[in-house]
Amino acid sequence: MRRLFALWLLVVLPVWALSESFNETLTLHPLVGGRVHASFAFEIASETTSLHHFGLLPRALWQPVVAQNVSELQLALTKGRWLYNVWGAPSFETMGDESVASGAEVWAAMSNEEEMWPRWRVLTSALASLSCASLDAIDEKTTIQPSHAYFTHRSPVLHAYLPSESVCTENISPLLKLLPCKGGAGLASLVKPHSILSAEFHSVVLHVERDATTWRMSLKVHAVMRPDTLGAHLWSFSDMFQTNLQSVCPIATSSRVIVHSDTEPQPLPAPVSMAAEEEDELLSDLLQEEEDDDEDMGLSSTRVGPRAAFMTQLASYTYVTSSLDAYDKELALQWTAPSDSLLLHPPPLQATRQVLGYGQEHNTVRLTLRNSLPAETVRVLYYDHIPSMFLPLLHTMQASAQVDEYDESDDMVRYADDIELPFVVAAKYTPPRLREHMGAMELTLRVPAGSTVTVTYTLMKHMLHYDEHVPDPHRGMDLPPALFMPLSGSFSRAKVHAPWPVARVQAARLYTSPSLLDMAAPDFSMPYNIILFYSTFVALFFGTLLNTLLRRFRDMYSPKKE
């Protein structure tokens, strides 16, 4: 019997092992000013159909996902601000279609609307326990159900922000424990919380997705490291992560480090491997697809721009880290980040949101969208959360466009209809209800080629009760980041992320920074001052009166009797 059981294990275990895979990748990408964008990507895929029979998927995460019937979810914890104008748009190769909004962002596709809100509460509580984040503050009052399918084509989708949530060591460490080798081996051993948290920009993104046959979980850690001095900087693993790569994860199906540099890093990668050949083929295929798209659009095949700079000036070096035998059991990598990189340029589409004004009534939200494309009109979705203490006035909305002057060099002819047509094409507005739930605003904006569109509307503030103020009432109230997403034609999600495009937007999502609005706050110190004053007065009065009533007056001198 034992021999039969051992034979059964030998037959079943290889089949089970082939149904799950674990891939890890570290991409080191240069940015302007000698900065380096370090992107860790850990991906687990499983074809296991049973919740109780799997080896790599973390049970602590999968049980609430399956129990609440969630088909897809994402949790992003971000600290800092991604500088679109300086660093360019986040690359799809490193960050994918993910969030760079400051604070915490959670969204989930709930598969069906049956008892959706109770399941949402259970899911956020489970994520809070897994990430040690303050996600318990998310409830029906702070959650929005967007109508536009920009997150996923599955519905319904619930979306929530916590703009003031920060990232700390307690968030990174428990999320690393979801990986097969935890944080003790493989590329995860380079994720030192103190080094990541000291970066100028850092983000942790957990994404879960399932389809008919496959479960997928990805954990990505991003950090933008800033050098101590300006100019070109010599980076190393020890400078960035306070350690070198000294161990491998034996469970990993593939493990590699990709370095983009204009000079040869040290040490050089091991002889050409299958991973390096696949990387070269991928870049060639992407370049060929981009050239084919340009031919379809009637563009010239001569390429001058970020993509050409990427191909000619920066090379991609792939280190296969499934084994460290070729690097003497330790990979101590060094490379130079240029001070002025031609790789990233400001994206053709730029969007900002500003809150102007003062007081309770005189506040204005101004949206500014800049389309630098010379011959293509862009439709952009603007999506914003409206907290319950704010009220937008839609009848005050105004839109205008400032068109660039005619330039004979671009051979572009502008028609009057492109400028005179309404710039707010469609609007979906869910008004907030005071002290009950948040509101949402979804506007489809039209930005002509070579122009800047400005949209303004008035924002009113409600008076808060004394018990509704935050612990520091004079700090103000947070307004969640706004989201801009291109919608039209060639700006679809599939093509928007073409690496380093010349005539396309470089990111499917553009996030603004959270805004801080002043609220009318009473002088909370006055009650304490009054209490102290009257307490002192009563104590002095009562003490004096009590002393007067109980004190016995008598002559302390008595003559001696003879």
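Model, not experiment: these values are computed from the prediction.

(A) Just the overall build of the chain, in detail. Looking only at helices and strands, the chain has 13 helices and 23 strands in total. Taking all 562 residues of the chain together, 47% fall into the buried category. Considering only intrachain contacts with a sequence separation of at least 6, the fraction spanning at least 24 residues in the chain is 79%. Within the structure as shown, the chain displays about 28,300 Å² of accessible surface, and the carbon and sulfur contribution to it stands at 56%.

(B) Looking closely at the UniProt feature "transmembrane region" (unreviewed entry) in the chain. When the UniProt feature table is mapped to this numbering, "transmembrane region" (unreviewed entry) covers residues 531–550. What you have in residues 531–550 is 100% helix and 0% strand, and the ends, taken at the C-alpha atoms, are 27 Å apart.

(C) Representation of the packing of aromatic side chains in the model. Under the definition given, this model contains eleven aromatic pairs. On the basis of an interplanar angle of 55° and a centroid distance of 5.7 Å, the ring pair of Phe237 and Phe241 is categorised as tilted. With Phe237 and Phe241 both in helix α8 (residues 237–241) and four residues apart, this pair spans about one turn of that helix. Members of the aromatic cluster, joined through ring pairs, are Phe40, Phe42, Phe237, Phe241 and Trp335.

(D) Main features of the layout of surface pockets. Empty space within the second largest pocket amounts to approximately 850 Å³. Lining of the second largest pocket is provided by 29 residues; of these, Thr142, Pro387, Met389, Val470 and Met477 occupy positions nearest its centre. Of all the elements in the fold, those that place two or more residues in the lining of the second largest pocket are β6 (157–162) and β20 (477–479). Among the residues forming the lining of the second largest pocket, the class breakdown is 13 nonpolar, seven polar and nine charged. Three or more residues apiece are contributed to the lining of the second largest pocket by two domains, here domain 1 (20–48 + 57–270 + 307–335) and domain 2 (349–517).

(E) Region of the structure containing the state of the cysteines. Inspection of the entire model under this criterion finds one disulfide. There is no disulfide at Cys132, and the cysteine sulfur nearest it, in Cys168, is 7.8 Å away.

(F) View of the nonpolar core. Judged by nonpolar contacts, the single largest core of 73 residues is most densely connected at Leu26, Leu28, Leu61, Leu135, Phe237 and Phe241. Not counting residues within four places of it along the chain, the set of residues in contact with Phe241 comprises Leu26, Leu28, Ala38, Phe40, Leu190, Lys192, Ser195 and Met225.

(G) How the structure looks around the pattern of salt bridges. All told, the structure shown has four salt bridges when counted by the stated rule. Close ionic contact of Arg35 with Glu200 constitutes a salt bridge, the shortest N to O distance being 2.7 Å. Within this pair, whereas Arg35 is found in the loop between β1 (20–30) and β2 (36–46), its partner Glu200 is found in the loop between α7 (193–197) and β7 (201–210), the two being separated by 165 residues in sequence. With relative accessibility at 13%, the residue Arg35 sits in the buried group. Judged by its relative accessible area of 29%, Glu200 falls in the partly exposed class.

(H) Summary view of the pairing of strand β18 (residues 439–447). Of all nine residues making up β18, nine are buried, and the element is well covered by its neighbours. Here β18 shows no split at all, with Gly439, Met441, Leu443, Leu445 and Val447 on one side and Ala440, Glu442, Thr444 and Arg446 on the other all buried. Note: strand β17 (residues 424–430) against β18, six bridges, orientation antiparallel. Each residue of the ladder has a partner; that of Val424, found in β18, is Leu445.

(I) Structural detail: unusual backbone geometry. The omega torsion of the bond from Gln266 to Pro267 falls at -5°, within 30 degrees of zero and hence cis. With respect to the helices and strands, Pro267 occurs in the loop between β10 (254–261) and α9 (274–297). Here Ser111, not a glycine, exhibits a phi torsion of approximately 70°, which is positive. Mapped onto the elements, Ser111 comes out in the loop between β4 (103–109) and α5 (116–131). Ser111 gets classed as partly exposed once you look at its relative accessible area, which sits at 32%. Phi is positive for Arg435, close to 60°, though the residue is something other than glycine. Structurally, Arg435 can be placed in the loop between β17 and β18. Judged by its relative accessible area of 31%, Arg435 is partly exposed.

Here is what the cut-offs are and how they apply
- Residues numbered from 1 in each chain as written.
- Predicted model: local features only at pLDDT ≥ 70, side-chain atom pairs only at ≥ 80, totals over all residues.
- Heavy atoms only, no water.
- Helix = DSSP H or I, 4+ residues; strand = E, 2+ residues; numbered from the N terminus.
- Buried < 20%, exposed > 50% of the residue type's maximum accessible area, 1.4 Å probe, protein only.
- Contact = heavy atoms within 4.5 Å.
- Areas by Shrake-Rupley, 256 points an atom, 1.4 Å probe, with all protein chains shown as cover.
- UniProt positions renumbered as here; feature names shortened; annotations may be inferred.
- Phe/Tyr/Trp six-rings, centres within 6.5 Å; stacked < 30°, edge-to-face > 60°.
- 1 Å grid on protein atoms, 1.4 Å probe; cavity = no way out; pocket = protein on both sides within 12 Å on 5 of 7 lines; lining within 4 Å.
- Points joined across faces, edges and corners; volume = space filled by probe spheres on them.
- Nonpolar A, V, L, I, M, F, W, Y, C, P; charged D, E, K, R; others polar.
- Domains from an automatic or database assignment.
- Disulfide = S-S within 2.5 Å.
- Core = buried A, V, L, I, M, F, W, Y, C linked by side-chain atoms within 4.5 Å.
- Salt bridge = Lys/Arg side-chain N within 4 Å of Asp/Glu carboxyl O.
- Pairing = 2+ DSSP bridges.

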